[in-house]
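As a plain string of letters, each chain reads:
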Amino acid sequence: SKSGIGMLLNPHRLYNMHFHSMSVSLDSVPDPAGSGKPVLRYRQLLSVVLDPLAFGLRNSSWSLSELMDRRLGAACPVASRSTIRVVAPDVGLHITPKPDSASKVAGHLVHTFDMQKRNVEDIAFTFEPDAGSAHKSTLPAVAAYRYVTGHGGSSGGVESSIVNRHAVPITVKYLDTLPWYLRVYSHTLVISSVPEGAPSVVLRPTRAIFTPAIDRGRPSSMELELELPPNSRTILRYDFDKGFLRYTEHPPDANRGFNIAPAVVSYNLSTADSTDDQPLFCTANAALLQKSKECTVHVYTELFLASLPTPDFSMPYNVVSISCTILALFFGRVFNLLTRDFVVLNKEQAHQ
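Computed from a predicted model, the values in this text were never measured in an experiment.

Rules behind the numbers
- Residues numbered from 1 in each chain as written.
- Predicted model: local features only at pLDDT ≥ 70, side-chain atom pairs only at ≥ 80, totals over all residues.
- Heavy atoms only, no water.
- Helix = DSSP H or I, 4+ residues; strand = E, 2+ residues; numbered from the N terminus.
- Buried < 20%, exposed > 50% of the residue type's maximum accessible area, 1.4 Å probe, protein only.
- Contact = heavy atoms within 4.5 Å.
- Pairing = 2+ DSSP bridges.
- Salt bridge = Lys/Arg side-chain N within 4 Å of Asp/Glu carboxyl O.
- Core = buried A, V, L, I, M, F, W, Y, C linked by side-chain atoms within 4.5 Å.
- Polar contact = N/O pair within 3.5 Å; in protein donor to acceptor, adjacent residues only side chain to side chain.
- UniProt positions renumbered as here; feature names shortened; annotations may be inferred.
- Patch = residues over 30% accessible without salt bridge, like charges linked within 9 Å, V, L, I, M, F, W, Y side chains within 5 Å.
- Areas by Shrake-Rupley, 256 points an atom, 1.4 Å probe, with all protein chains shown as cover.
- 1 Å grid on protein atoms, 1.4 Å probe; cavity = no way out; pocket = protein on both sides within 12 Å on 5 of 7 lines; lining within 4 Å.
- Points joined across faces, edges and corners; volume = space filled by probe spheres on them.
- Nonpolar A, V, L, I, M, F, W, Y, C, P; charged D, E, K, R; others polar.

Draft legend 1. Expanded view of the overall build of the chain. Looking only at helices and strands, one finds five helices and 20 strands in the chain. Sorting the 352 residues of the chain into buried and exposed places 32% on the buried side. For the chain, long-range pairs separated by at least 24 residues make up 71% of all intrachain contacts whose partners lie at least 6 apart in sequence.

If you want it as structure tokens, here you go:
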């Protein structure tokens, strides 16, 4: 936060955005030093969806400093590379100052600012009137959805849907992780695919890895490699049982349910592919991917709420209340008997 593009990370603005996502990824890649052994590449990603109108800015003209309430600084001295890439339409957008380079990647125009060559304090964007009307949003090539099925407090299931809008088959990896208190039955997994204009077919994964859960130790995970037919919808279904938690393991809002993390669908795209559905992340990072010529796209499903058997949290209060009542009556009676003086009265005193 002291230099470079990291100065733009203003937490007061980031957490007021419509959407933000922080993630950490570990990839096994060849050693850049040429040792021949694979090494782990560690990467931190921050994705933010910004709306200038939410901060009172005009829709036709705004800058990074106005949007983030921070100004850019000089490149970080310990960074080997510090660049800003702007994926822009061919017409209708003016960028100030002039970028260091501009290139056409996968059908998109990419403007690159090299922070190590010059100090760019701010980048302003000016849109021509009605420039956005000529650009229509398109559906993603691969989409994923996930729902919880079943009813009651003892069992349930998961149904995931993966849509392939490509005209060619595509290989994806499906990763689903569930906590230990949702006991998954892997033998109930059924995968079916419905190509466009064709009957449903059973789809078998080319690779499958199941890791069973350990109670209060680790979650269960399911990693599948699937080849999706072109223009198809693939459905995955499996069942699970709901475990019992100790009353101390429930959150304060136990009746709301437990948040279950989304599943992840990953697939690779070649940066040499000039199709218009190339993700903007791959386009903007094309210079970083010149060696591998591939970009890994991650698609996340919705999370869902798992309703587990919930104990009656009012019972401890009832037990404490009745115990204290009985104790108070017993203590009062015994204390009264121990502290009262009993005196024998004769008849005259009794009549008086």
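Draft legend 2. Structural detail: the pairing of strand E15 (residues 220-228). In E15, alternate side chains face the same way, and those of Ser220, Met222, Leu224, Leu226 and Leu228 are buried while those of Ser221, Glu223, Glu225 and Glu227 on the opposite face are not. In the sheet, strand E11 (residues 170-178) pairs with E15 via nine bridges, with the strands oriented antiparallel. When the bridges of E15 are listed, Tyr174 appears paired with Leu224. Two elements, strand E14 (residues 207-211) and E15, share five bridges in a ladder whose sense is antiparallel. Note on E15: the bridge partner recorded for Ile209 is Glu223.

Draft legend 3. Summary view of the pattern of salt bridges. Tallying each qualifying case throughout the model produces nine salt bridges. In this structure, the salt-bridge partner of Arg118 is Asp100, at a minimum N-O distance of 3.1 Å. With Arg118 in the loop between strand E7 (108-114) and strand E8 (124-127) and Asp100 in the loop between strand E5 (93-96) and strand E6 (101-105), this residue pair connects regions lying 18 residues apart in the sequence. For Arg118, a relative accessible area of 28% corresponds to the partly exposed category. Of the charged contacts, one joins Asp176 and Arg146 as a salt bridge, the two residues approaching to 2.6 Å between their closest N and O atoms. One end of the pair, Asp176, is in strand E11; the other, Arg146, is in strand E9 (residues 142-149), with 30 residues separating them in the sequence. You can call Asp176 buried: its relative accessible area is 2%. Taken together, the shared-partner salt bridges connect Arg216, Arg246 and Glu249 into one network.

Draft legend 4. Spatial organisation of the nonpolar core. Judged by nonpolar contacts, the single largest core of 34 residues is most densely connected at Tyr181, Leu182, Leu224, Val265 and Tyr267. Apart from residues no more than four positions distant in its own chain, Leu224 is found in contact with Val172, Lys173, Tyr174, Leu189, Ile191, Pro205, Arg207, Ala208, Phe210 and Leu236. Core analysis: the second largest hydrophobic core is formed by 20 residues, Trp62, Leu72, Ala88 and Ile123 among them.

Draft legend 5. Just the side chain of Ser193, in detail. In this fold, Ser193 is placed in strand E12 (residues 182-195). A distance of 3.4 Å separates a polar atom in the side chain of Ser193 from a polar atom in the side chain of Thr234. Sequence-distant contacts of Ser193, that is, excluding residues within four places in its chain, are made with Pro199, Ser200, Val201, Leu203, Pro229, Ser232, Arg233 and Thr234.

Draft legend 6. Examining the UniProt feature "transmembrane region" (unreviewed entry) in the chain more closely. The positions UniProt marks with the feature "transmembrane region" (unreviewed entry) are residues 317-338. Secondary structure content for residues 317-338 is 100% helix and 0% strand, while the C-alpha to C-alpha distance between its ends is 31 Å.

Draft legend 7. The environment of Phe313, seen in detail. Positionally, Phe313 belongs in the loop between strand E20 (304-306) and helix H4 (315-339). It is 8.1 Å that separates the C-alpha atoms of Phe313 and Tyr247, two residues lying 66 residues apart in sequence. In contact with Phe313, not counting residues within four places along its chain, are Tyr247, His250 and Ala254.

Draft legend 8. Here's a closer look at the environment of Val190. Following the sequence through the fold, Val190 ends up in strand E12. Judged by its relative accessible area of 44%, Val190 falls in the partly exposed class. Residues Val190 and Asp239, spaced 49 residues apart in sequence, show a C-alpha to C-alpha distance of 9.9 Å. Every residue in contact with Val190, bar those within four places of it in the chain, is listed here: Ile235, Leu236 and Arg237.

Draft legend 9. Structural context of a nonpolar patch on the surface. On the surface, Leu9, Tyr15, Met22 and Leu46 cluster together into a nonpolar patch covering about 430 Å² of accessible area. Relative to the helices and strands, Met22 is located in strand E1 (residues 19-30).

Draft legend 10. Representation of the layout of surface pockets in the model. What the second largest pocket holds in volume is close to 210 Å³. Looking at the second largest pocket, it is lined by 15 residues, and the ones nearest its centre are Val184, Thr211, Pro212, Ala213 and Ser220. Elements with a contribution of two residues or more to the lining of the second largest pocket: E11, E12, E14 and E15. Class assignment of the residues belonging to the lining of the second largest pocket gives a composition of eight nonpolar, four polar and three charged.

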